[in-house]
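# Observations on the three-dimensional arrangement
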Number of protein chains: 2
Amino acid sequence: MNQTELVVLAVLSVRPATGYAVREVVHGQLGAFWGESFGQIYPAISRLVADGSVQPVEGGRAGSARYALTAAGRARLLDGLAAPPVPQRPRDGTLLRLFFGDLLGPAACADLVRQVRDRAGERIAELAAARAEVEGELAAGEPRARYWLMTISAGEHTARAALAWCEETLAALAGEPPPAGPLGTIPR
Amino acid sequence: MNQTELVVLAVLSVRPATGYAVREVVHGQLGAFWGESFGQIYPAISRLVADGSVQPVEGGRAGSARYALTAAGRARLLDGLAAPPVPQRPRDGTLLRLFFGDLLGPAACADLVRQVRDRAGERIAELAAARAEVEGELAAGEPRARYWLMTISAGEHTARAALAWCEETLAALAGEPPPAGPLGTIPR
DNA sequence: CTAAGCATGTAAGATGTTACATGATTAT
DNA sequence: ATAATCATGTAACATCTTACATGCTTAG
């Protein structure tokens, strides 16, 4: 089972849904740490139907199909969740550019860092809103909300760390301008 | 130009190298935020030779070729670095499993978090060693070291944030055991 | 000599993105 | 009506991993 099939099974374990709705959940609820496109989700659902993990059920609008987990699908989901997470290949374009910052220059580097900072700021606001909502659901007696809060907290820690790093790095980029040799010093 | 070609050009901008040595640099110096396999690097070098960005030069052992940036390659490198970083699709298998933590159970979730914590701890140690080395190079007059330290600092902030989140999350997983209804309370 | 490390490359298959094509339903 | 949103799917292409096959060089 691949990662896309795993997340589709997980989403369908909550309630039956159309392919479109699965993607909505992935973007909305899991978007902070997971992404899928239609081009992956629809073929994944086809495979899951073919292997009996999932079956179409009533309840959608005409011309659309909602899918529900079968018992076999639930078993496969639990297997997949129990397997160790697949590590993701690291690929941070900002840090790559910063590592070769002497080619790009300090001003362009500062621009990149400011973009990271701004995105982290927006992210913190989004996560605060999500936290408020999920805390409400927890208070309303939704026991899974306690797990949802852990993932929100992960995002918050990460975003705050990014913010702190950005401030530190912007100071470093501004405070020690490139050794362009101020008049009076003799570069050698 | 794709991301692999960009990083190959960037590495070759430092000094000419074999494909094998490019990969060594990517793993060793950039490994904290970038990854490439031979299956990507060798074809990328072929394409860069074909389009004149890179050319074979003398200096390797027999049967191997070292490659150097051409003027055109340097121009393409600067273009590529100036382009906005390509955002990476998020895919955190640990957070996915935690989000659906009620399916996996609190004990398995705690195991996952402990693994993240242990990896973060190792990472902090590695980064401390890297920092010491790069600070030495900065003191020895290597001006690019100041950029290298910024990327090390990013790793440190991220790893410390991960550590803090893990401790918090382990406490949450242990402190509020699953609402299995202690004797005396009436679940409804 | 022989093992470890240096070095190159390809082929198959998995994975993932993007754009396109199509059409139903709902709200304004 | 008509625009926005819901909904499904495919085809082309790009990307990436993994395993395999091969052989040189250097240190012990």
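These lines cover the structure that appears in this document, whether it is placed above or below. Residue positions are counted from 1 within each chain, in the order its sequence is given. The naming scheme follows written order: chains are lettered A onward, ligands numbered 1 onward. A pLDDT threshold of at least 70 governs which residues receive local features in this predicted model, and a stricter bar of 80 or more applies before side-chain atom pairs are shown or counted, although totals over entire chains, interfaces and linings include all residues. Only hydrogens and water are set aside when side-chain values are computed; all heavy atoms of the structure are taken into account.

### Considering the interface of chain B and chain A
Cut-off, in case you're wondering: A contact between two residues is defined here by any heavy atoms of the two lying within 4.5 Å. As a working definition, buried area equals the accessible area (1.4 Å probe) given up by two parts on being put together, with both sides summed. Numbering of helices and strands runs from the N terminus; a helix is a DSSP stretch of H or I covering at least four residues, while a strand is a stretch of E covering at least two. In this classification, Asp, Glu, Lys and Arg are treated as charged, Ala, Val, Leu, Ile, Met, Phe, Trp, Tyr, Cys and Pro as nonpolar, and every other residue, Gly included, as polar.
Contact residues are listed per partner, giving 67 residues for chain B and 67 residues for chain A. Buried area between chain B and chain A, both sides added, is near 5,900 Å², and the carbon and sulfur share of it is 67%. Per-residue buried area on chain B facing chain A is highest for R91, F99 and Y147 of chain B; these three make up 14% of the total on that side. Looking at the side of chain B that touches chain A, the elements that each hand over two or more residues are helix 1 (3-14), helix 4 (71-82), helix 5 (93-99), helix 6 (101-104), helix 7 (106-139) and helix 8 (145-175) of chain B. The element contributing the most residues to the side of chain B that touches chain A is helix 8 of chain B, with 15 residues. For the side of chain B that touches chain A, a count of residues per class yields 39 nonpolar, 17 polar and 11 charged.

### A closer look at the relation of the copies chain B and chain A
Each of the two chain copies goes to the other by way of a rotation about an axis and a shift along it. Rules: Least-squares superposition of the copies uses the C-alpha atoms of those residues scoring a pLDDT of at least 70 in each of them.
When chain B is fitted to chain A, the best match, at an RMSD of 0.0 Å, comes from turning it 180° and sliding it 0.0 Å along the axis. Overall, the copies show the geometry of a two-fold rotation axis.

### Some details on the protein's contact with DNA strand C
The line we're drawing: Whether a residue is near a molecule or strand is decided by its heavy atoms; if any one of them lies within 4 Å of it, the residue is near. Any pair of nitrogen or oxygen atoms within 3.5 Å is treated as a polar contact; in protein, a donor-acceptor pairing is required on top of that, and neighbouring residues in sequence qualify only through side-chain atoms on both sides.
Near DNA strand C, the surroundings consist of 16 residues, among which Q40 of chain A together with Y20, Y42, R89 and R91 of chain B are the closest. If you look at DNA strand C and keep only atoms within 4 Å of the protein, 75% of those are sugar or phosphate atoms. Within the contact set of DNA strand C, a phosphate oxygen lies 2.9 Å away from a side-chain nitrogen or oxygen of R91 of chain B. Looking at the surface near DNA strand C, the elements with two or more residues in it are helix 3 (38-50) of chain A together with helix 2 (19-28) of chain B. The residue inventory of the surface near DNA strand C, partitioned by class, reads 4 nonpolar, 8 polar and 4 charged.

### Observations regarding the pattern of salt bridges
Residue and element names in this part refer to chain A. Quick reminder of the rule: Salt bridges are defined by distance alone: a side-chain nitrogen of Lys or Arg within 4 Å of a carboxyl oxygen of Asp or Glu. A simple rule labels every residue: compare its accessible area, found with a 1.4 Å probe on the protein chains alone, to the largest value its type can have, and call it buried under 20%, exposed over 50%, or partly exposed in between.
Scanning all chains against the criterion turns up 17 salt bridges over all chains. Across the pair E135 and R131 runs a salt bridge, and its minimum N-O distance is 3.1 Å. One end of the pair is E135 and the other is R131, both in helix 7 (residues 106-139) and 4 residues apart, which spans about a single turn. Judged by relative accessible area, which is 38%, E135 ranks as partly exposed.

### Here we look at the packing of helix 8 (residues 145-175) of chain A against helix 8 of chain B
When two helices pack together, their arrangement is given by the angle between the helix axes and the distance between those axes. Put simply, the test is: Each axis is a line fitted through C-alpha atoms, taken for helices only over the stretch in contact, and angles between the N-to-C directions span 0 to 180 degrees. Working definition: roughly parallel below 35 degrees, roughly antiparallel above 145 degrees, roughly perpendicular at 65 to 115 degrees, and oblique for all remaining angles. Crossing handedness follows the turn of the near helix against the far one: under a right angle anticlockwise gives a left-handed crossing, and clockwise gives a right-handed one.
It is the contact of helix 8 of chain A with helix 8 of chain B, at a shortest axis distance of 9 Å, that shows an interaxial angle of 155°. In this view, helix 8 of chain A runs roughly antiparallel relative to helix 8 of chain B, as classed from their interaxial angle. Where helix 8 of chain A crosses over helix 8 of chain B, the handedness of that crossing is right-handed.

### Considering the protein's contact with DNA strand D
Y20, Y42, R89 and R91 of chain A together with Q40 of chain B are the nearest of the 16 residues found near DNA strand D. Within 4 Å of the protein, the atoms of DNA strand D are drawn from sugar and phosphate moieties in a proportion of 77%. The contact in question runs from a phosphate oxygen of DNA strand D to an N or O atom on the side chain of Y20 of chain A, over 2.9 Å. The contact in question runs from a phosphate oxygen of DNA strand D to an N or O atom on the side chain of N2 of chain B, over 3.4 Å. Counting residues per element, the ones that place at least two in the surface near DNA strand D are helix 2 (19-28) of chain A together with helix 3 (38-50) of chain B. Tallied by class, the residues present in the surface near DNA strand D amount to 4 nonpolar, 8 polar and 4 charged.

### Description of the side chain of E5 of chain A
Residue and element names in this part refer to chain A. Position of E5 relative to the elements: it lies in helix 1 (residues 3-14). A polar side-chain atom of E5 sits 2.4 Å from a polar atom in the side chain of R47. Not counting residues within four places of it along the chain, the set of residues in contact with E5 comprises A44, R47 and L48.

### Focus: the nonpolar core
Note the following rule: Residues belong to a common nonpolar core when they are buried Ala, Val, Leu, Ile, Met, Phe, Trp, Tyr or Cys residues joined through side-chain atoms within 4.5 Å.
The biggest cluster of nonpolar side chains holds 47 residues, and the ones touching the most others in it are L96 and F100 of chain A together with V8, L12, V22, L30 and L77 of chain B. Formed by 45 residues, the second largest nonpolar core is a distinct cluster that contains L12, V22 and A44 of chain A together with F100 of chain B.

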